[in-house]
Amino acid sequence: MTNVFKIYLLAFMSFLVGTSQFIIVGVLDQIADSLGISVSSAGQLVSVYALASAIGTPLVIMATSKMDQRAQLLLSLVVFIIGVFAMPLFHSYLLIVLSRIIVGVGAGVFVVTAYAMSANLAERGKQGTAMSNIAMGFSLSLVLGVPLGRVITAMANWQAIFWLIGILSLFSFFVVAKVLPKTVGEPPIAISEQLSFLKQPKIMSALGITFLFFISFSIINTYITPFLFSIRPLSEHEISTILFALGIASFVGSKLAGFLADRIGITRTLLGSMSVHLVALILLFFVAHSILLTSLLLFIWVAASWTFGPTQSFNLASIAPKASGILLSLNSSFVQLGFAVGAGLGGITISHLPLIALSGVGSLCTLCAIGMLLLSVKKYAHSSQML
């Protein structure tokens, strides 16, 4: 079996892992109804997943640092599969929360290890392409996984999609165990060394921008399904079509990131994507009566969000090229923390205010992120890097 096939096998697994993360936002209303809880409570399943991934992943990576990458990958899959199968088995909210924590840790460790393994399996000079294939799996989970999951849950129930993810993941586990070789990567970086980068103002500013921006994104994204249903009742075909279109928007945005960053620069791309993101959120206030206009604005909003994400990764990698791996790992943790805080803040908001208020809270967070970006650009204008 060629190494190219092995990389695509890891990409397929990243698709399953990504679907397990993002599918919650597509079936939030169904989970709330089946468990007899509020939509805001169901939204906290996003928070616990993100927190578990952000906090648990580096701890598990350090605890298993003496294991080879193949063993780490298989361990992460075992944890992930246990959590995924637990989801449809439990009917208690607290036990499902525990399941999401397990899934979050397993998924987080898998992602880190899969990126490293794909780079080791790739030919020299093609490591970037190999790692982009892993990222492609996550993009496809939004384009295909989320709307497909909505269709499956409409035909059966929300538990069915987790049974399917679990079965496919279990099958993939045995294939991975059989075909992937033992691979030793670079020595793990101590958490103390990673945390030392947080003492640098330039890096902390960039991570703060990531954190604020993804709070804004998560506030809307977590409750996207009830947000759309608040405009008018939608058929399963309509909601699946809209979710599919938003998945396409994420793919468009990720492609725009590289194109724009190369042609107009990182700073302009970041500022432009954040500004479009802000304008789209503000305009949602004025078109909340129309599902067509709302969907169009959400398409633009998602594309802008996914333009920001990869561009911010480029930015962090340019700040300290010799420590790009550490910075990208820290950035990933801040993304997940932003997801967690955004889901929690969104839940508090809809518990006291109409759903349309989510766009207002998201706008304020985006505005703060833009302000921090402008201050950083001004402060570090003399630097050869962006921030």
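No experiment lies behind these values; they were computed from the predicted model shown.

**Some remarks on the overall build of the protein**
Inference 1: A count of helical and extended segments in the protein gives 15 helices and 0 strands.
Inference 2: The C-alpha atoms of the protein give 20 Å as radius of gyration, which agrees with the globular expectation for 387 residues (21 Å, within 12%).
Inference 3: The buried share of the protein, reckoned over its 387 residues, is 55%.
Inference 4: Intrachain contacts of the protein at a sequence separation of at least 6 include 84% that bridge at least 24 residues.
Inference 5: Roughly 16,300 Å² of accessible area belongs to the protein as shown, and the carbon and sulfur atoms make up 72% of that amount.
Inference 6: In the protein, which carries 18 positive and 9 negative side-chain charges, the distance between the mean positions of the two groups comes to 11 Å.

**Thoughts on empty space enclosed by the protein**
Inference 1: One pass over the full model with this rule turns up 2 cavities of 30 Å³ or more.
Inference 2: In this structure, the largest cavity occupies an estimated 140 Å³ of space.
Inference 3: If you trace the largest cavity, you find 13 residues lining it, with Leu142, Asn221, Leu243, Leu246 and Gly247 closest to the centre.
Inference 4: The residue inventory of the lining of the largest cavity, partitioned by class, reads 10 nonpolar, 3 polar and no charged.
Inference 5: For the second largest cavity, the calculated volume is near 80 Å³.
Inference 6: In this structure, the second largest cavity is lined by Gln21, Phe22, Val25, Val46, Tyr49, Ala50, Arg100, Asn221, Thr222, Gln336 and Phe339.
Inference 7: Of all elements in the fold, only helix H1 (3-26), helix H3 (39-63) and helix H14 (324-352) reach the threshold of two or more residues within the lining of the second largest cavity.
Inference 8: When its residues are assigned to classes, the lining of the second largest cavity shows 6 nonpolar, 4 polar and 1 charged.

**Remarks on the confidence of the model for the protein**
Inference 1: Taken as a whole, the protein shows an average pLDDT of 85; of its residues, 90% reach a score of 70 or greater.
Inference 2: Helix H8 (residues 191-196) is the least confidently modelled element of the protein, averaging 65 in pLDDT, while helix H12 (residues 266-284) averages 94, the highest of any element.

**A short note on the side chain of Ser250**
Inference 1: Tracing the sequence through the fold places Ser250 in helix H11 (residues 236-264).
Inference 2: Overall, Ser250 belongs to the buried group, its relative accessible area being 0%.
Inference 3: Polar side-chain contacts of Ser250 include one of 2.5 Å to the backbone oxygen of Gly247.
Inference 4: With near-sequence residues (within four places) excluded, Ser250 lies in contact with Ser139, Leu142, Val143, Val302 and Trp306.

**What to know about the packing of H1 against helix H2 (residues 28-35)**
How two helices pack is summed up by the angle between their axes together with the distance between the axes.
Inference 1: For the pair H1 and H2, interaxial distance at closest approach is 5 Å and the crossing angle is 75°. Here H1 lies roughly perpendicular to H2, going by the angle between them. Here Ile24, Val25 and Gly26 of H1 lie close against H2, whose contacting residues are Leu28, Asp29 and Ile31.
Inference 2: Taken together, the residues of the contact of H1 with H2 break down into 4 nonpolar, 1 polar and 1 charged.

**Looking at the pattern of salt bridges**
Inference 1: A complete count under the given rule lists 1 salt bridge for this structure.
Inference 2: One salt bridge connects Glu238 with Arg232, and the closest N-O pair in it is separated by 3.1 Å.
Inference 3: A residue is classified by how much of its surface remains accessible, and Glu238, at 29% relative accessible area, is partly exposed.
Inference 4: Judged by relative accessible area, Arg232 falls into the partly exposed class, the value being 33%.

**Focus: the environment of His277**
Inference 1: Within the secondary structure, His277 is located in helix H12.
Inference 2: Taking relative accessible area as the criterion, His277 reaches 0% and is therefore assigned buried.
Inference 3: Taking the C-alpha atoms as reference, His277 lies 34 Å from Gly83; in sequence the two are 194 residues apart.
Inference 4: With sequence-adjacent residues up to four places away left out, His277 is seen in contact with Phe213, Ser216, Phe217, Trp301, Ala304, Ser305 and Thr366.

**Describing H12**
Inference 1: With 19 residues, H12 should reach 27 Å at 1.5 Å per residue; the first-to-last C-alpha distance of 27 Å fits that figure.
Inference 2: For H12, the secondary structure elements touched by its buried residues are helix H9 (201-221), helix H10 (224-229), H11, helix H13 (291-319) and helix H15 (357-379).

**A word on the packing of aromatic side chains**
Any aromatic ring pair is given by two values, namely how distant the centres are and how the planes are angled relative to each other.
Inference 1: Evaluated as defined, the whole model comprises 12 aromatic pairs.
Inference 2: When the ring of Phe85 is compared with that of Trp163, the centres are 5.8 Å apart and the planes differ by 50°; the resulting orientation is tilted. Linking Phe85 in helix H4 (residues 69-89) with Trp163 in helix H7 (residues 158-179), this pair joins segments that are 78 residues apart in sequence.
Inference 3: Through successive ring pairs, a cluster of aromatic residues spans Phe213, Phe214, Phe217, Trp301, Phe308 and Phe339.

**With respect to the side chain of Gln312**
Inference 1: Here Gln312 shows up in helix H13.
Inference 2: On the basis of relative accessible area, Gln312 is assigned to the buried category, the value being 1%.
Inference 3: In terms of polar contacts, Gln312 uses its side chain to reach the backbone carbonyl oxygen of Ala206, at 2.8 Å.
Inference 4: Among residues more than four places away in sequence, those in contact with Gln312 are Ala206, Ile209, Thr210, Leu270 and Asn331.

**Observations regarding the packing of H1 against H7**
Inference 1: Interaxial distance between H1 and H7 falls to 10 Å at its minimum, and their mutual angle equals 155°. Judged by the inter-axis angle, H1 sits roughly antiparallel to H7. In this structure, H1 meets H7 at a crossing whose hand is left-handed. Together, Lys6, Leu9, Phe12, Met13, Leu16, Thr19, Ser20, Ile23 and Ile24 of H1 and Ile161, Phe162, Ile165, Leu168, Ser169, Ser172, Val175, Val176 and Val179 of H7 make up the contact between the two elements.
Inference 2: Partitioning the contact of H1 with H7 into residue classes produces 13 nonpolar, 4 polar and 1 charged.

Calculation criteria
- Residues numbered from 1 in each chain as written.
- Predicted model: local features only at pLDDT ≥ 70, side-chain atom pairs only at ≥ 80, totals over all residues.
- Heavy atoms only, no water.
- Helix = DSSP H or I, 4+ residues; strand = E, 2+ residues; numbered from the N terminus.
- Rg over C-alpha atoms; globule rule 2.2 N^0.38 Å.
- Buried < 20%, exposed > 50% of the residue type's maximum accessible area, 1.4 Å probe, protein only.
- Contact = heavy atoms within 4.5 Å.
- Areas by Shrake-Rupley, 256 points an atom, 1.4 Å probe, with all protein chains shown as cover.
- Lys, Arg positive; Asp, Glu negative; His and termini not counted.
- Charge placed at Lys NZ, Arg CZ, Asp CG, Glu CD.
- 1 Å grid on protein atoms, 1.4 Å probe; cavity = no way out; pocket = protein on both sides within 12 Å on 5 of 7 lines; lining within 4 Å.
- Points joined across faces, edges and corners; volume = space filled by probe spheres on them.
- Nonpolar A, V, L, I, M, F, W, Y, C, P; charged D, E, K, R; others polar.
- pLDDT = per-residue confidence, 0-100.
- Polar contact = N/O pair within 3.5 Å; in protein donor to acceptor, adjacent residues only side chain to side chain.
- Axes fitted to C-alpha atoms, helices over the stretch in contact; angles between N-to-C directions.
- Parallel < 35°, antiparallel > 145°, perpendicular 65-115°, else oblique.
- Salt bridge = Lys/Arg side-chain N within 4 Å of Asp/Glu carboxyl O.
- Expected span 1.5 Å × (residues − 1).
- Phe/Tyr/Trp six-rings, centres within 6.5 Å; stacked < 30°, edge-to-face > 60°.
- Left-handed = near helix turned anticlockwise from the far one by under 90°.

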